[in-house]
Amino acid sequence: MSVPGPAPRRRVPGPSEPGVAVPGPDFPEKRTDFTGAVYGSMLAASVIAASSADETHPRLSLILLLVVTGLVFWAAHVYAHIAGQREAGKDVTFRQVRRVGRHEWPIVEAAALPALAVLVSPWLGAGENAWLALAVAICQQVAWAALGAHRAGARPRQVVAEGAVNLVLGLVIVAAKVAVGH
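These lines cover the structure that appears in this document, whether it is placed above or below. (Residues numbered from 1 in each chain as written. Predicted model: local features only at pLDDT ≥ 70, side-chain atom pairs only at ≥ 80, totals over all residues. Heavy atoms only, no water.)

Some points on the overall build of the protein chain
Check the secondary structure of the protein chain and you find 7 helices and 0 strands. Overall, the protein chain shows an N-to-C arrangement of helices and strands of α-α-α-α-α-α-α. The buried share of the protein chain, taken over its 182 residues, is 36%. A fraction of 68% describes how many contacts in the protein chain between residues 6 or more apart in sequence connect residues 24 or more apart. (Helix = DSSP H or I, 4+ residues; strand = E, 2+ residues; numbered from the N terminus. Buried < 20%, exposed > 50% of the residue type's maximum accessible area, 1.4 Å probe, protein only. Contact = heavy atoms within 4.5 Å.)

Details of the packing of helix 2 (residues 58-87) against helix 5 (residues 112-120)
Between helix 2 and helix 5, the shortest axis-to-axis distance is 9 Å and the interhelical angle comes to 175 degrees. Between helix 2 and helix 5, the angle is such that the two are roughly antiparallel. Counted together, R59, L62, I63 and L66 of helix 2 and P114, A115, V118 and L119 of helix 5 form the full contact between these two elements. Counted by class, the contact of helix 2 with helix 5 contains 7 nonpolar, no polar and 1 charged residues. (Axes fitted to C-alpha atoms, helices over the stretch in contact; angles between N-to-C directions. Parallel < 35°, antiparallel > 145°, perpendicular 65-115°, else oblique. Nonpolar A, V, L, I, M, F, W, Y, C, P; charged D, E, K, R; others polar.)

Side note on the packing of helix 1 (residues 35-50) against helix 7 (residues 156-180)
Orientation of helix 1 relative to helix 7, taken along the N-to-C sense of each, is 15 degrees, at an axis distance of 9 Å. Classified by the interaxial angle, the pair formed by helix 1 and helix 7 is roughly parallel. Both helix 1 and helix 7 take part in a crossing whose hand is right-handed. Where helix 1 approaches helix 7, its residues V38, M42, A45, S46, I48 and A49 are matched on the opposing element by N166, L169, I173 and K177. (Left-handed = near helix turned anticlockwise from the far one by under 90°.)

Here we look at the packing of aromatic side chains
Tallied over the full model, the rule gives 3 aromatic pairs. Consider the rings of Y39 and F73, whose centres lie 6.3 Å apart with planes at 45 degrees: the pair is tilted. Taken together, the positions of Y39 in helix 1 and F73 in helix 2 put the pair 34 residues apart, joining distant regions of the chain. By relative accessible area, Y39 is classed as partly exposed at 31%. (Phe/Tyr/Trp six-rings, centres within 6.5 Å; stacked < 30°, edge-to-face > 60°.)

Spatial relationships are all this shows, so hold off on functional conclusions.
Laid out in structure tokens, this is it:
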């Protein structure tokens, strides 16, 4: 019978890294949470999949859609959290709103790389289509999910499972894009 050793040491991310909860009444302990980054990546992939290359300026339109959608969903998440606090009878301060806003900011950040892929795609030979950006969004979704599982102390098999589940979700978005003909 083996005796369990000490718990594995985990690197604690810095406050500017995506998914880092800021301690306080809304987020009581410092922990790694990549939910916003995974969600934002999936949101970006969905926006890309639903976009159309038939517009006058498809790249500019898609970049704006990615940024605006990320900002709107970020604001909705912040609002929902704050409204939930108020409904629970808790006072809400501006400091708490800022803290929640920082915590949810990875939703917006997740649009940056896909938007950059849209911007540079013609120079990489991808033309006006959005497939490169969609691939970037799905890759970062898988990476954030796997990294989050790893940082949470998941076993290697669980980390792979997290990545695989998110890859399947991303491929469902790709299948929807193909089926709709965008």
